[in-house]
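# Residue-level structure breakdown
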Amino acid sequence: MNFHSRERLGLLLGFIGMVIFGGTLPATRIAVAEIDPVALTALRTAIAGLCSLALLLVLRRPLPPRALWGQLVVAMLCVAVLFPLLMSMGMQRVDASHGGVVLGVLPIATSLVAVAITHERPRPLFWIASVAGAALVIAFSLRQGGGAFSTGDLLLFAAVAVSAVGYAFSARLTSSMPGWEVISWILVIGLPLSLPAAVLAMPHDAGQIALKPWLGLLYVALFSQWIGFFAWNAGLAMGGIARVSQVQLLQPFVTFALAAFFNDETITLQILLFAAAVVLTVAISTRTRTRAAPPSVPQRDREPPQLAAS
């Protein structure tokens, strides 16, 4: 495969991963209509963890080095426990399209955590764009809430914060192992928590729950929590981080389209304008996070990996 074909395939895989992640909020919104957020989180993580364990065993992957286990545990708590739980609780209270705008600022939050971890010194425009993005999300939430933050907004803000920490640590781990292996080990490490929690939290009236919520659960478990990362991280590796990560800017609009189709939500002009403004700040912050690389070192190799919101 020549360079350009590999790059195009990387863009395609990145696009597929982004679309998968774009369906997370609509699918969660459907699932929490009849499944408690605690049960949804436990079942989602347990199902994905068992699939990950099976794959790692079939491929005979060795255990990660002991030096990485601390980072894996932090990533697991954030990505596989706290983020899906907070996000599910938020989806009980606000529409998926609303959540799409709030979570649209997640790449900025992840970059801020990564900057703190790596002690980078981004350009001033990065900080301006980051503050502007956060201000837009706050303004949107206040406007939608009639001048006050709703409980759903506060839950989504917390979800953004913990997810940013988890994704930043996950991104660091991709320098030591493939991205699909990182998310798989994160989920396997979570099994001692997720399996007992799934058994205890299993709905007593499971037989009375309609098919759609179960399909929503399977989507977030198999695709949002696991398979989406395979396509996304492979796309980053093949097409270049700098180029493929820009595909993520489309994710809020994918969420809107899916929310309108599957959740019968009305996407207003206000939602679209706020989302477009947030996406613009994300694009600016992404492009200005790192200083220009020396001519001898390609920029794509100097930028840290990024993970899309799941």
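One can find the structure itself at the top, above this paragraph.
These numbers were taken from a predicted model, which means no experiment stands behind them.

Tracing the backbone shows T288 in helix α14 (residues 269-288). Assessed through its relative accessible area of 8%, T288 is described here as buried. Not counting residues up to four positions away in its chain, the partners in contact with T288 are P122, R123, L125 and F126.

With 69 residues, the main nonpolar core has L40, F83, M87, M91, L103 and I186 as its most contacted residues. Of the residues forming this core, the biggest block, 10 residues, is contributed by helix α8 (residues 151-173). In terms of nonpolar packing, the next biggest core, distinct from the first, is built from six residues, V101, F140, I271 and A275 among them.

Here the focus is a nonpolar patch on the surface. Taken together, L12, F15, I16, V19 and L250 make up a surface patch of nonpolar side chains, about 400 Å² in accessible area. Turning to its location among the elements, L12 is positioned in helix α1 (residues 3-22).

A few words on the pattern of salt bridges. Applying the stated criterion across every chain yields a total of two salt bridges. Here R29 makes a salt bridge to D95, at a shortest N to O gap of 3.2 Å. Of this pair, R29 sits in helix α2 (residues 24-31) while D95 sits in the loop between α4 (69-91) and α5 (96-102), and the two are 66 residues apart along the sequence. You can call D95 partly exposed: its relative accessible area is 36%. A salt bridge links E181 to R61; its shortest N-O distance comes to 3.1 Å. One end of the pair, E181, is in helix α9 (residues 179-189); the other, R61, is in the loop between α3 (37-58) and α4, with 120 residues separating them in the sequence.

In this section: the packing of aromatic side chains. The tally for this structure, following the rule as stated, stands at 11 aromatic pairs. Aromatic side chains F149 and F157 sit 5.5 Å apart centroid to centroid with 85° between the ring planes, which places their arrangement in the edge-to-face category. Overall, F149 belongs to the partly exposed group, its relative accessible area being 36%. Considering the side-chain rings of F261 and F262, the 4.9 Å spacing of their centres and the 80° angle between planes classify their relative orientation as edge-to-face. A residue is classified by how much of its surface remains accessible, and F261, at 63% relative accessible area, is exposed. For F262, a relative accessible area of 41% gives the class partly exposed.

A few words now on α4. Look at α4: 31 Å from first C-alpha to last across 23 residues, which is about the 33 Å you get at 1.5 Å a residue. Most pronounced at L82, the bend in α4 amounts to some 35°, and the proline P84 follows within four residues.

On to the environment of A48. In this structure, A48 sits in helix α3. On the accessibility criterion, A48 (0% relative accessible area) is buried. When the C-alpha positions of A48 and L142 are compared, they lie 35 Å apart, and in sequence the two are 94 residues distant. With near-sequence residues (within four places) excluded, A48 lies in contact with L187, A221, Q225 and W226.

For L9, the location among the structural elements is in helix α1. You can call L9 partly exposed: its relative accessible area is 30%. Along the primary structure L9 and G146 are separated by 137 residues, whereas in three dimensions their C-alpha atoms are 45 Å apart.

Along the chain, the position of T41 falls in helix α3. Residue classification places T41 among the buried residues on the basis of a relative accessible area of 6%. With near-sequence residues (within four places) excluded, T41 lies in contact with A80, V81, P84, L85 and S88.

The set of residues buried in helix α10 (residues 191-201) consists of L191, S194 and A198. Buried residues of α10 fall within an arc of 70° about the axis and therefore sit on the same side. Turned more than 90 degrees from where α10 packs its buried face, P192, V199 and L200 sit exposed. Taken together, the buried residues of α10 touch α3 and α9.

Reading the values: rules and limits
Per chain, the residues get numbers from 1 upward, laid out in the order the sequence is written. Two thresholds apply to this predicted model, a pLDDT of at least 70 for residue-level local features and 80 or more for giving and counting side-chain atom pairs, whereas whole-chain, interface and lining totals are computed over all residues. For the side-chain quantities, the full set of heavy atoms in the structure was used; hydrogens and water were omitted. Going along the chain from the N terminus, every DSSP run of H or I of four or more residues is numbered as a helix, and every run of E of two or more is numbered as a strand. Accessibility here uses a 1.4 Å probe with only protein chains present; expressed as a share of the type maximum, an area under 20% marks a residue as buried, one over 50% as exposed, and anything in between as partly exposed. Whether two residues are in contact is decided by their heavy atoms: any pair within 4.5 Å suffices. By nonpolar core is meant a set of buried Ala, Val, Leu, Ile, Met, Phe, Trp, Tyr and Cys residues that side-chain atoms within 4.5 Å join together. Here the term patch refers to residues with relative accessible area over 30% and no salt bridge, with like charges joined within 9 Å and nonpolar side chains (Val, Leu, Ile, Met, Phe, Trp, Tyr) within 5 Å. Method for areas: the Shrake-Rupley scheme with a 1.4 Å probe, in which residue coverage is limited to the protein chains shown. By definition here, a salt bridge exists when the distance from a side-chain nitrogen of Lys or Arg to a carboxyl oxygen of Asp or Glu is within 4 Å. Each Phe, Tyr or Trp ring (for Trp, its six-membered ring) is paired with any other whose centre lies within 6.5 Å, and the angle between the two planes then decides the class: stacked below 30 degrees, edge-to-face above 60, tilted in between. For a helix, the expected span equals 1.5 Å multiplied by the residue count minus one. The term bend refers to the angle at a residue between two fitted axes, each drawn through seven residues, those ending there and those starting there. For this quantity, the arc is that covered by the directions from the helix axis to the C-beta atoms.

Note that all results are geometric; they support no functional claim without further evidence.
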